Protein chains: 2
Amino acid sequence: MITLSLSVSDIFFYYFPEMITVKKLLILFIAGITGCSQHYHSVALPNNPEWIDLSHSYDSATLYWPNNIKGFEHITEAEGNTPFGYYSSYRFCTPEHGGTHLDAPIHFAENKLTVDQIPLSSLTGEAVMIDVSHHVLADRDYQVGVQDIENWEKDYGRIPENTIILFRTGYGQFYPDREKYFGTQKTGAAAIPELHFPGISPAATQWLVENRNIKALGLDTPSLDYGQSQEFTTHRILLGRNKPGFENLANLDRLPAKGIYIVALPMKIAKSSGAPLRIIATLKSS
Amino acid sequence: MITLSLSVSDIFFYYFPEMITVKKLLILFIAGITGCSQHYHSVALPNNPEWIDLSHSYDSATLYWPNNIKGFEHITEAEGNTPFGYYSSYRFCTPEHGGTHLDAPIHFAENKLTVDQIPLSSLTGEAVMIDVSHHVLADRDYQVGVQDIENWEKDYGRIPENTIILFRTGYGQFYPDREKYFGTQKTGAAAIPELHFPGISPAATQWLVENRNIKALGLDTPSLDYGQSQEFTTHRILLGRNKPGFENLANLDRLPAKGIYIVALPMKIAKSSGAPLRIIATLKSS
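Reference entry: report on the structure contained in this document. (Residues numbered from 1 in each chain as written. Chains lettered and ligands numbered in written order. Predicted model: local features only at pLDDT ≥ 70, side-chain atom pairs only at ≥ 80, totals over all residues. Heavy atoms only, no water.)

1. Section: the pairing of strand E5 (residues 124-131) of chain B
Residue and element names in this part refer to chain B. For E5, the buried fraction is high: 7 of the 8 residues fall into the buried class. Pairing of E5 with strand E7 (residues 164-168) involves 5 bridges; the strand directions are parallel. Directly across from Val-128, in E7, lies its bridge partner Ile-165. (Buried < 20%, exposed > 50% of the residue type's maximum accessible area, 1.4 Å probe, protein only. Helix = DSSP H or I, 4+ residues; strand = E, 2+ residues; numbered from the N terminus. Pairing = 2+ DSSP bridges.)

As structure tokens, then:
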């Protein structure tokens with residue numbers, strides 16, 4: 001564009017040197033502006049990003065899948081005064097899958113990535129937040145469909161490649177109330193048939209991995225699949241493509257629909273199928 | 001493109017030597033560049049940051065303080081085929097302090113912040129890397145002094161307020177070789193008097209919290225205090241100011257001296273004195 005403009009300028013300049021000088025000034029000014037604009041758009045994150053925590057805390061109220069006999073155990077090793085001052089230290093035990101956590105591909109797909117093998121590029125990047133809470137709060141067995149994604153795209157534009165997709169069902173507001181969150185306060189095997197909470201349909205998951213080459217899926221429920229799922233097909237589709245899932249997310253109501261940057265850092269456990277996840281978001285400045 | 005345009009201008013001004021116009025063009029061009037440059041500096045993080053992992057993995061080789069009887073335990077709950085396909089799931093137990101982990105203020109300072117209470121603003125931000133490995137590899141009992149920080153500032157400029165300070169001792173290269181890393185392969189109480197690894201001197205820590213208002217300290221050894229410390233004074237100074245510490249960091253050799261942005265996310269454990277830490281860095285683009 002600039003080269004063409006100057007060629008035109010050059011021709012004019014031959015005849016009307018003063019006029020074209022003005023034009024050149026204008027062109028260079030525009031070039032400067034364009035240069036700035038390109039820089040600005042290619043640098044999305046502010047110098048001091050303000051981060052939003054999308055993670056619940058781990059404690060004795062942390063919710064695990066109902067068949068987990070033990071939940072989060074925090075054991076005191078030391079707590080109190082020593083000759084040199086105060087000192088406290090603890091140890092803990094936890095199933096990999098509970099609270100705000102990551103599902104690694106190997107959780108449901110043999111020979112796929114374990115938590116420590118997931119590249120940071122799959123755990124960080126642009127995200128969109130698809131709010132389906134208006135459907136879902138009225139129907140505990142709702143599964144997010146392709147139509148929900150298409151509706152979002154009508155409002156906000158096509159989801160770019162390599163995006164992290166977050167679904168807000170609204171159920172995050174019930175955490176850690178087991179009955180409201182899982183649909184039953186039972187635990188153990190008896191609870192499984194009575195699980196009623198929303199999830200992402202296998203059709204929507206298939207559509208996203210095939211048509212939008214997403215990085216990861218996350219939501220504010222206990223599982224990518226809805227409570228009544230027996231085959232965990234959504235897990236199998238997503239994890240089978242070596243893409244991780246984020247479950248039991250918090251504070252999704254604090255995110256806009258797009259312009260989100262995510263950093264999702266699971267505890268780096270070798271050979272693990274899942275791990276506690278600390279996940280934070282910041283908003284792009286443009 | 002812009003270079004070409006100026007060359008074209010030069011040719012024209014050879015025949016129509018209104019040199020003052022060239023100067024004006026040049027001034028506007030420089031003004032444009034300067035404008036860009038200001039934007040560029042105020043927006044430090046690129047659109048798609050490449051992140052460097054500063055975290056070791058947790059597994060049976062993970063190093064804990066020698067008095068920890070049990071290290072990292074990874075327990076299989078399920079692993080193999082089901083009627084619907086492959087499924088694996090595990091649980092784990094670990095002391096809070098071991099591997100790449102965070103020390104919360106309450107670890108050594110009563111009524112100070114627990115891990116879950118540390119604001120994200122203390123865990124993210126600009127960092128500098130002070131490489132003391134040339135001193136330290138020759139002296140296992142070395143304590144980083146004020147002079148090391150002053151020397152760094154002579155080379156790279158004053159450390160800004162609210163910076164995370166990372167010290168590279170070079171001992172990270174020995175992890176997880178217990179003898180090379182701790183100075184002894186003994187475990188239990190008998191190991192404590194034989195611990196020889198470098199740390200940060202109380203004087204340097206005091207200087208940093210008083211004169212540079214740092215956010216946090218981190219290093220590639222088992223402890224902020226050196227191995228021969230009995231009173232853990234460096235811990236008490238730093239944590240007493242409600243600032244966290246990062247220990248057993250990995251890959252500090254991959255960082256430059258400055259222009260670093262850190263995201264340090266501990267597992268969000270309520271009321272905890274420490275937690276496994278996933279810490280990553282990216283380099284500012286200017």
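Having seen the structure, we can now continue with the description.
2. Quick word on the pattern of salt bridges
This model, assessed by the stated rule, comprises 14 salt bridges over all chains. A salt bridge links Asp-53 of chain B to Lys-268 of chain A, with the shortest nitrogen-to-oxygen separation between them at 3.0 Å. Here the residue Asp-53 of chain B occupies a position in strand E1 (residues 52-53), and Lys-268 of chain A occupies one in the loop between strand E11 (260-266) and strand E12 (274-283), the pair thus bridging two chains. In this structure, Glu-126 of chain B engages Lys-284 of chain B in a salt bridge whose closest nitrogen and oxygen atoms are separated by 3.2 Å. A residue pair is termed long-range when its members are at least 10 positions apart, and Glu-126 of chain B in strand E5 and Lys-284 of chain B in the segment after strand E12 (274-283) qualify at 158 residues. Each of the salt bridges in this network shares a partner with another, and the network as a whole consists of Asp-53 and Arg-278 of chain A together with Lys-268 of chain B. (Salt bridge = Lys/Arg side-chain N within 4 Å of Asp/Glu carboxyl O.)

3. Some words on the sheet that holds strand E3 (residues 85-95) of chain A
Read across the sheet, 4 strands follow the order E2(A)-E3(A)-E3(B)-E2(B) without closing on themselves; strand pairing throughout is antiparallel. Of all strands in the sheet, those bounded by a partner on one side alone are strand E2 (73-82) of chain A together with strand E2 (73-82) of chain B. Across the sheet, the mean angle separating the axes of adjacent strands is 10° when strand polarity is ignored. Where E2 of chain B lies against strand E3 (residues 85-95) of chain B, 9 bridges are found, and the strand directions are antiparallel. Bridge pairing in E3 of chain B places Ile-75 of chain B opposite Arg-91 of chain B. (Axes fitted to C-alpha atoms, helices over the stretch in contact; angles between N-to-C directions.)

4. Some points on the state of the cysteines
Summed over the entire model, instances satisfying the criterion amount to 1 disulfide over all chains. With a sulfur-sulfur separation of 2.2 Å, Cys-93 of chain A is cross-linked through a disulfide to Cys-93 of chain B. On the sign convention where negative means left-handed, the S-S torsion of about 115° between Cys-93 of chain A and Cys-93 of chain B marks this disulfide as right-handed. Pair noted here: Cys-93 of chain A is in strand E3 and Cys-93 of chain B is in strand E3, and the two residues belong to different chains. When sorted by exposure, Cys-93 of chain A lands in the same class as Cys-93 of chain B, which is buried. (Disulfide = S-S within 2.5 Å.)

5. Here we look at the layout of surface pockets
Estimated volume of the largest pocket: approximately 760 Å³. If you trace the largest pocket, you find 38 residues lining it, with Tyr-87 of chain A together with Trp-65, Asn-67, Ile-192 and Phe-232 of chain B closest to the centre. For the lining of the largest pocket, the elements supplying multiple residues, two or more each, are E2 and E3 of chain A together with strand E4 (101-103) and helix H8 (233-240) of chain B. Split into classes, the residues belonging to the lining of the largest pocket amount to 16 nonpolar, 15 polar and 7 charged. As a volume, the second largest pocket reaches approximately 570 Å³. If you go around the second largest pocket, you meet 31 residues; those closest to its centre are Trp-65, Asn-67, Phe-108 and Phe-232 of chain A together with Tyr-87 of chain B. (1 Å grid on protein atoms, 1.4 Å probe; cavity = no way out; pocket = protein on both sides within 12 Å on 5 of 7 lines; lining within 4 Å. Points joined across faces, edges and corners; volume = space filled by probe spheres on them. Nonpolar A, V, L, I, M, F, W, Y, C, P; charged D, E, K, R; others polar.)

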